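# Coordinate analysis (summary)
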Amino acid sequence: MVDVTEKEMDNPTFRSDTVLSDVHLHCPNKRHLMVRLNAVGQPVFLSCFKLLWNTEDLASEKHVKEVTTGREHQNRSGDELCDQDRSNQEKERELNSEGVEALLDDDGDLEVERRPRSASDLEAEDLLRDIVCPVILMKGREDAFEDEEQECTCSDVVKIEHTMATPLEDVGKQVWRAAFLLADYILFQRDTFRRCSVLELGGGTGITSIIMGTAAKRVYCTDVGEDLLAMCEQNVALNKHLMEPGGGEVKVKELDWLKDEFCTDPEVPYSWSEEEIADLHDHCSVIMAADVFYDDDLTDALFKTLYRITHNLRNSCTVYLAIEKRLNFTLRHMDVTCEAYSHFRNNLNDLENLQDREIKYTVEPIDVDFCQFLVYERIEQL
């Protein structure tokens, strides 16, 4: 819902209390199983995202959307089935009108015999009715995923718990397109990341870290919020089988960009040990972040965190940033703008032009024409 408030007649402001990611709409043939309610009462769903490991799979998946999700196709198929059923009924009425005598019992009551259901009727019902049964389970029940595991092969599916819609402060619990774009690049350049030590900033549901964990030696997947980090840790556990062949490891940790230090309090969930901080500073060679540039204050905080961490690294580091340019109409400009993206670019330019004798930042764009390994809509704004 969107509320409109006016502090002044000349300066209206718009406020939205719900944010929705449409990534889950591009998961053909998959049910979204509601597995539980999280700590704040939000429904949590389990989705399976297929990995396309070869070009033949990719070619077939490109046609999935129009075949399985197009309402026009579904309605057309339904109309054809209804026309066929009406034709069958008309034929039956013609047969009955040709002198087929009705059966009566001893009292003269009509005995109605149910017409046997043909195989075509059963197939038609399956096409028209995709029955989804949401199930709420307690957290930690492994059998919650039994049905999904039977449908999915272990080697080509990523299973992710996520929400469908949240307030702005909880958007990390959803799955976003830029995370898939970065995951695609990781799969495309697997040899580049093999046996690396990696830090992800704003990992959210953890899908990019999980993909990175199939190639890298160790990934520190960081975000803030105990409920979000618990969801992320659950997703890492669900996909451990993908990382085991390469010996990869994903550690879920808290990292608040608004604070200057790592949380080392052992009483705080997902805090860092001194050994882990030392390992990060000594061995990290890759930092990544996907779709975290949607709020100017958070963008500023992220770049400060990025500067602080890279200054403490022993070795040179490559930072991969993925973003979706979101177009919005603003009254201030009376035009469609990308203000969050513009603010991100300004920070990036400031970082590249930074006069620092100890460290030099070089920014290079990456063409996004590399192979697509996950089923999602790669739009122009990515």
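Further up the page is the structure itself.
All values derive from a computational prediction rather than experimental measurement.

What follows covers the overall build of the protein chain. For the protein chain, the helix and strand inventory stands at 13 helices and 14 strands. Within the protein chain, the proportion of its 382 residues that are buried is 41%. Long-range pairs, those at least 24 residues apart, make up 70% of the contacts in the protein chain with a sequence separation of at least 6. Taken as a whole, the protein chain presents about 23100 Å² of accessible surface, with 49% of it coming from carbon and sulfur.

Another point: the sheet that holds strand S8 (residues 197-201). Strand order across the open sheet formed by 5 strands is S10-S9-S8-S11-S12, with parallel pairing between neighbours. Bordering the open sheet on either side are strand S10 (249-254) and strand S12 (318-322), each of which pairs with just one other strand. If you compare each strand with its neighbour and ignore which way they point, the axes differ by 20° on average. For strand S11 (residues 284-290) and S12, the ladder comprises 5 bridges, and the chain directions are parallel. Bridging from a neighbouring strand, Met288 pairs with Tyr320 of S12. Strands strand S9 (218-223) and S10 of the sheet are contacted by helix H9 (residues 226-238), whose axis makes an angle of about 175° with S10.

Here we take up the pattern of salt bridges. Per the counting criterion, the structure on display carries 14 salt bridges. A salt bridge links Arg177 to Glu377, with the nearest nitrogen and oxygen atoms 3.5 Å apart. Here the residue Arg177 occupies a position in helix H6 (residues 177-188), and Glu377 occupies one in the segment after helix H13 (339-352), the gap between them amounting to 200 residues. The residue Arg194 makes a salt bridge to Asp191 at a minimum N-O spacing of 3.0 Å.

Here we come to the environment of Asp265. Here Asp265 lies in the loop between S10 and helix H11 (274-283). Polar contacts involving the side chain of Asp265 include one to the main-chain amide nitrogen of Glu267, which spans 3.0 Å.

Let us now look at the nonpolar core. Counting residues in hydrophobic clusters, the biggest one holds 46 residues, and the most contacted among them are Phe49, Phe180, Phe193, Val198, Met212 and Met288. Leave out the neighbours within four places in its chain, and Val198 touches Met212, Ala216, Arg218, Val219, Tyr220, Cys284, Val286 and Met288. Counting residues in each nonpolar core, the second largest holds 26 residues, with Trp257, Ala301, Leu306 and Leu348 among its members.

A separate point is the packing of aromatic side chains. Here the structure, examined in full by the defined rule, presents 14 aromatic pairs. Among the aromatic residues, ring-to-ring pairing joins Tyr185, Phe188, Phe193, Tyr320 and Phe370 into one connected group. Of note, Arg308 hangs over the ring of Phe262, and the distance from its end group to the ring centre comes to 5.8 Å. Between the NZ or CZ atom of Lys325 and the centre of the ring of Tyr341, over which it lies, the distance is 5.1 Å.

Scanning the entire structure with this criterion turns up 0 disulfides. Cysteine Cys196 is unpaired, with the sulfur of Cys284 as its nearest cysteine sulfur at 9.0 Å. Under the relative-accessibility criterion, Cys196 is labelled buried at 13%. No disulfide involves Cys221; its nearest neighbouring cysteine sulfur is the one of Cys232, lying 3.5 Å away. Classification of Cys221 by relative accessible area gives buried; the value is 1%.

What follows concerns the packing of helix H12 (residues 296-312) against H13. Two numbers describe how H12 lies on H13: the axes approach to 10 Å, and their chain directions differ by 25°. By the angle between their directions, the pair H12 and H13 is classed as roughly parallel. Where H12 crosses over H13, the handedness of that crossing is right-handed. Taken together, the residues of H13 that come into contact with H12 (itself represented by Asp296, Thr299, Asp300, Phe303 and Leu306) are Glu339, Ala340, His343, Phe344, Asn347, Leu348 and Leu351. Residues belonging to the contact of H12 with H13 are distributed by class as follows: 6 nonpolar, 3 polar and 3 charged.

All right, on to H12 then. Over its 17 residues, H12 extends 25 Å from the first C-alpha to the last, a length consistent with the 24 Å expected when each residue adds 1.5 Å. Check the buried side of H12 and you find it contacts S8, S11, S12 and H13. Among the residues of H12, the N-terminal cap falls to Asp295, whose side-chain oxygen and the backbone nitrogen of Asp297 are separated by 3.1 Å.

With that out of the way, let us pick up the sheet that holds strand S5 (residues 43-50). Pairing between the strands of a sheet comes from backbone hydrogen bonds, and it takes one of two forms, parallel or antiparallel. If you trace the 3 strands from one edge of the open sheet to the other, you get S4-S5-S6, paired in antiparallel fashion. The open sheet has two edge strands with one neighbour each: strand S4 (33-37) and strand S6 (157-162). Strand-to-strand, the axes of this sheet are offset by a mean angle of 30°, without reference to chain direction. Here S5 pairs with S6 via 6 bridges, running antiparallel. By the bridge assignment, Phe45 is partnered in S6 with His162.

How each quantity is defined
The residue count restarts for each chain, going from 1 along the sequence in the order it is written. For this predicted model, a pLDDT threshold of at least 70 governs which residues receive local features, and a threshold of 80 or more governs which side-chain atom pairs are given and counted, while totals over whole chains, interfaces and linings are taken from all residues. Water and hydrogen atoms were dropped before computing side-chain values, which therefore reflect all heavy atoms in the structure. Only DSSP runs of H or I covering at least 4 residues are called helices, and only runs of E covering at least 2 are called strands; the numbering of each starts at the N terminus. Remark: exposure states derive from per-residue accessible area (1.4 Å probe, protein chains only) relative to the maximum for the residue type, with buried under 20%, exposed over 50%, and partly exposed in between. We call two residues in contact when some of their heavy atoms are within 4.5 Å. Each accessible area value is a Shrake-Rupley result obtained with a 1.4 Å probe; residue values ignore everything except the protein chains displayed when judging cover. A pair of strands is considered paired only if DSSP assigns at least 2 bridges between the two. Fitted lines through C-alpha atoms serve as axes, helices being fitted only where they are in contact, and the angles separating the N-to-C directions of these axes extend from 0 to 180 degrees. Throughout this description, the term salt bridge denotes a Lys or Arg side-chain nitrogen within 4 Å of a carboxyl oxygen of Asp or Glu. Any pair of nitrogen or oxygen atoms within 3.5 Å is treated as a polar contact; in protein, a donor-acceptor pairing is required on top of that, and neighbouring residues in sequence qualify only through side-chain atoms on both sides. We define the nonpolar core as a collection of buried residues of types Ala, Val, Leu, Ile, Met, Phe, Trp, Tyr and Cys that are connected through side-chain atoms lying within 4.5 Å of one another. Aromatic pairs are defined between Phe, Tyr and Trp rings, using the six-membered ring for Trp, whenever the two ring centres lie within 6.5 Å; interplanar angles under 30 degrees are classed as stacked, those over 60 as edge-to-face, and all others as tilted. In this scheme, Lys NZ or Arg CZ marks a charge over a ring once it lies within 6 Å of the ring centre and within 35 degrees of the ring normal. We call a pair of cysteine sulfur atoms a disulfide whenever their separation is within 2.5 Å. When describing relative orientation, an angle under 35 degrees is termed roughly parallel and one over 145 degrees roughly antiparallel, while 65 to 115 degrees is termed roughly perpendicular and anything else oblique. With the far helix as reference, a near helix turned anticlockwise by less than a right angle produces a left-handed crossing, and one turned clockwise produces a right-handed crossing. Three categories are distinguished: nonpolar for Ala, Val, Leu, Ile, Met, Phe, Trp, Tyr, Cys and Pro, charged for Asp, Glu, Lys and Arg, and polar for the others, with Gly belonging to the last. By this rule, a helix spans an expected 1.5 Å times one less than how many residues it contains.

Structural measurements only, silent on function.
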